[in-house]
Amino acid sequence: MIFELLQEQLFQLALIAALLVGLCAPAVGTFIVQRRLALLGDGIGHVALTGVALGFLTGTAPVLTAVIVSIAGAVAIELVRARGRTSGDVALALLFYGGIAGGVMLMGIAPGGSNAKLNSYLFGAIASVTPLDIWVIAALAVTVIAVVLIFGRELFVLCQDEEMARASGLPVRFLSLLIAVTAALTVVIAMRVVGLLLVSALMVIPVATSQQLTRGFRATMGLAMLFGVLASVGGLLASTYSAKVPPGAAIVLLALAGFVLALGVGRFVRRGRTQESTLSERPALRVEEVA
């Protein structure tokens, strides 16, 4: 059955998109989670909806306008957060409400706009991915992975301790904006696969799952990317075998199932390590104590 699916072009395109999203979303999500901005992807996703609707309104490519608007929104939220004029959660709330309202409004007045098209971007439509979409997703994915590889060490220091990064002479403002822009690109990459409302889950849940099993930053990112790929491909297969299963929801639910499983395994492993350390630290009995 799988070999037959691999021969179909639509499944091949969907599989490539799932693989790219499964790799990129957790890679960027590792930095976001480490910096305690887990809801940043949700905020950018809502703003991206305005960009998609703007594309339909102006007759341009929705992906292009989504990239522009998402980057602008991500930069705005980072500047507001950095200047301390309002707390980060309030700024994210502004993105949530303004982005979703603007997107619905513009989609309603756009020529050819419909609820079906709106839902395809809100909840994903991986089965309708075209070769042009794949080229765009691949280009954005290469950009995201390149940023992670080139600036990974500096971004790690920033996410661990911003004051330490500033004292070390790192360009904190630039790196903070780089994380925000990379997150915006990731949201646009994933919107055709899991949808704008669920993209944040794929950025956060695999990272949280990996944290239950690993300690080091690199190991956490690597395992999170593996979990992201497994969830994306698994959700795609589930939706392929059953037309009633939405791919975006299936991907997120599989990721959540992996987190629950890792949570139990992680607790078991940590309990075993604690018992071993306790036994190793217990002093040996003297001969007279045994007697």
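Since the model is a prediction, treat every value here as computed from it, not as a measurement. (Residues numbered from 1 in each chain as written. Predicted model: local features only at pLDDT ≥ 70, side-chain atom pairs only at ≥ 80, totals over all residues. Heavy atoms only, no water.)

Here we look at the overall build of the protein chain
On a plain count of helices and strands, the protein chain comes out with 13 helices and zero strands. Traced from its N-terminal end to its C-terminal end, the protein chain shows the element sequence α-α-α-α-α-α-α-α-α-α-α-α-α. When contacts within the protein chain are restricted to residue pairs at least 6 apart in sequence, those whose partners lie at least 24 apart make up 75%. Here the protein chain displays about 14,800 Å² of accessible surface, and carbon together with sulfur accounts for 68% of that area. (Helix = DSSP H or I, 4+ residues; strand = E, 2+ residues; numbered from the N terminus. Contact = heavy atoms within 4.5 Å. Areas by Shrake-Rupley, 256 points an atom, 1.4 Å probe, with all protein chains shown as cover.)

Some thoughts on a nonpolar patch on the surface
Residues L54, L57, M105 and I109 make up a contiguous nonpolar surface patch of about 360 Å² in total accessible area. Elements that contribute at least two residues to the nonpolar patch include exactly α3 (40–58) and α5 (88–109). Assignment of secondary structure puts L57 in helix α3. (Patch = residues over 30% accessible without salt bridge, like charges linked within 9 Å, V, L, I, M, F, W, Y side chains within 5 Å. Salt bridge = Lys/Arg side-chain N within 4 Å of Asp/Glu carboxyl O.)

Focus: the pattern of salt bridges
Once the charged atoms of two side chains with opposite charge are near each other, the side chains can pair. In total, this model carries one salt bridge according to the counting rule given. Across the salt bridge formed by E163 and R166, the nearest N and O atoms sit 3.4 Å from each other. Here the residue E163 and the residue R166 both occupy positions in helix α8 (residues 162–167), the gap between them amounting to three residues, near one helical turn. Residue class for E163 comes out exposed when judged on its relative accessible area of 55%. The exposure class of R166 is partly exposed, given its relative accessible area of 41%. (Buried < 20%, exposed > 50% of the residue type's maximum accessible area, 1.4 Å probe, protein only.)

Here's the deal with the side chain of T30
With respect to the element layout, T30 can be found in helix α2 (residues 9–34). From its side chain, T30 meets the backbone oxygen of P26 in a polar contact 2.7 Å long. Each residue touching T30, except ones within four places of it in the same chain, is listed here: V207, F217, M221 and A224. (Polar contact = N/O pair within 3.5 Å; in protein donor to acceptor, adjacent residues only side chain to side chain.)

Topic: the confidence of the model for the protein chain
For the protein chain, per-residue confidence averages 80 on the pLDDT scale, and residues scoring 70 or more make up 85% of the total. Mean pLDDT per element in the protein chain: helix α13 (residues 287–290) is the minimum at 42, and helix α10 (residues 199–211) is the maximum at 89. Every residue in residues 284–291 is under pLDDT 50, and counting partners more than four places away or in other chains gives one contact. (pLDDT = per-residue confidence, 0-100.)

Comments concerning the environment of Y121
Locating Y121 in the fold gives a position in helix α6 (residues 115–122). For the pair Y121 and L49, spaced 72 residues apart in the sequence, the C-alpha separation amounts to 7.5 Å.

Some remarks on helix α9 (residues 172–190)
Taking 1.5 Å as the rise per residue, α9 with 19 residues should run 27 Å; its terminal C-alpha atoms sit 27 Å apart, in good agreement. Of all the 19 residues making up α9, 15 are buried; the element is thus mostly covered by neighbouring parts of the structure. (Expected span 1.5 Å × (residues − 1).)

Some points on the nonpolar core
Judged by nonpolar contacts, the single largest core of 80 residues is most densely connected at I32, I189, M191 and M203. Sort the elements by how many residues they give to this core and α2 lands first, with 14 residues. Each residue touching M191, except ones within four places of it in the same chain, is listed here: V52, V63, A66, S120, Y121, G124 and L196. (Core = buried A, V, L, I, M, F, W, Y, C linked by side-chain atoms within 4.5 Å.)

Focus on the environment of A231
Mapping A231 onto the fold places it in helix α11 (residues 217–241). The exposure class assigned to A231 is buried, which follows from its relative accessible area of 4%. For A231 and L19, which are 212 residues apart along the polypeptide, the C-alpha to C-alpha distance reads 9.6 Å. The residues contacting A231, other than those within four sequence positions of it, are I251, L254 and A255.

A closer look at the packing of α2 against α10
Following both chains from N to C, one finds α2 and α10 inclined at 70°, their axes separated by 7 Å at the closest point. In terms of orientation, α2 lies roughly perpendicular with respect to α10. Between α2 and α10, the residues in contact are V21, A25, P26, V28, G29, T30, I32, V33 and Q34 and L202, M203, V204, P206, V207 and Q211, respectively. Here the contact of α2 with α10 is built from residues that sort into 11 nonpolar, four polar and no charged. (Axes fitted to C-alpha atoms, helices over the stretch in contact; angles between N-to-C directions. Parallel < 35°, antiparallel > 145°, perpendicular 65-115°, else oblique. Nonpolar A, V, L, I, M, F, W, Y, C, P; charged D, E, K, R; others polar.)

A few points about the packing of aromatic side chains
For the structure shown, the criterion picks out three aromatic pairs. With 5.4 Å between their ring centres and 50° between their planes, F31 and F217 make a pair best called tilted. In this pair, F31 is assigned in helix α2 and F217 in helix α11, connecting sequence segments 186 residues apart. With 4.7 Å between their ring centres and 55° between their planes, F156 and F217 make a pair best called tilted. Placement of the pair is F156 in helix α7 (residues 131–160) and F217 in helix α11, with a sequence separation of 61 residues. Taken together, the aromatic side chains of F31, F156 and F217 make up a single cluster linked through ring pairs. (Phe/Tyr/Trp six-rings, centres within 6.5 Å; stacked < 30°, edge-to-face > 60°.)

A closer look at the side chain of T182
Its location among the elements puts T182 in helix α9. On the basis of relative accessible area, T182 is assigned to the buried category, the value being 6%. Apart from residues no more than four positions distant in its own chain, T182 is found in contact with V28, V144 and V147.

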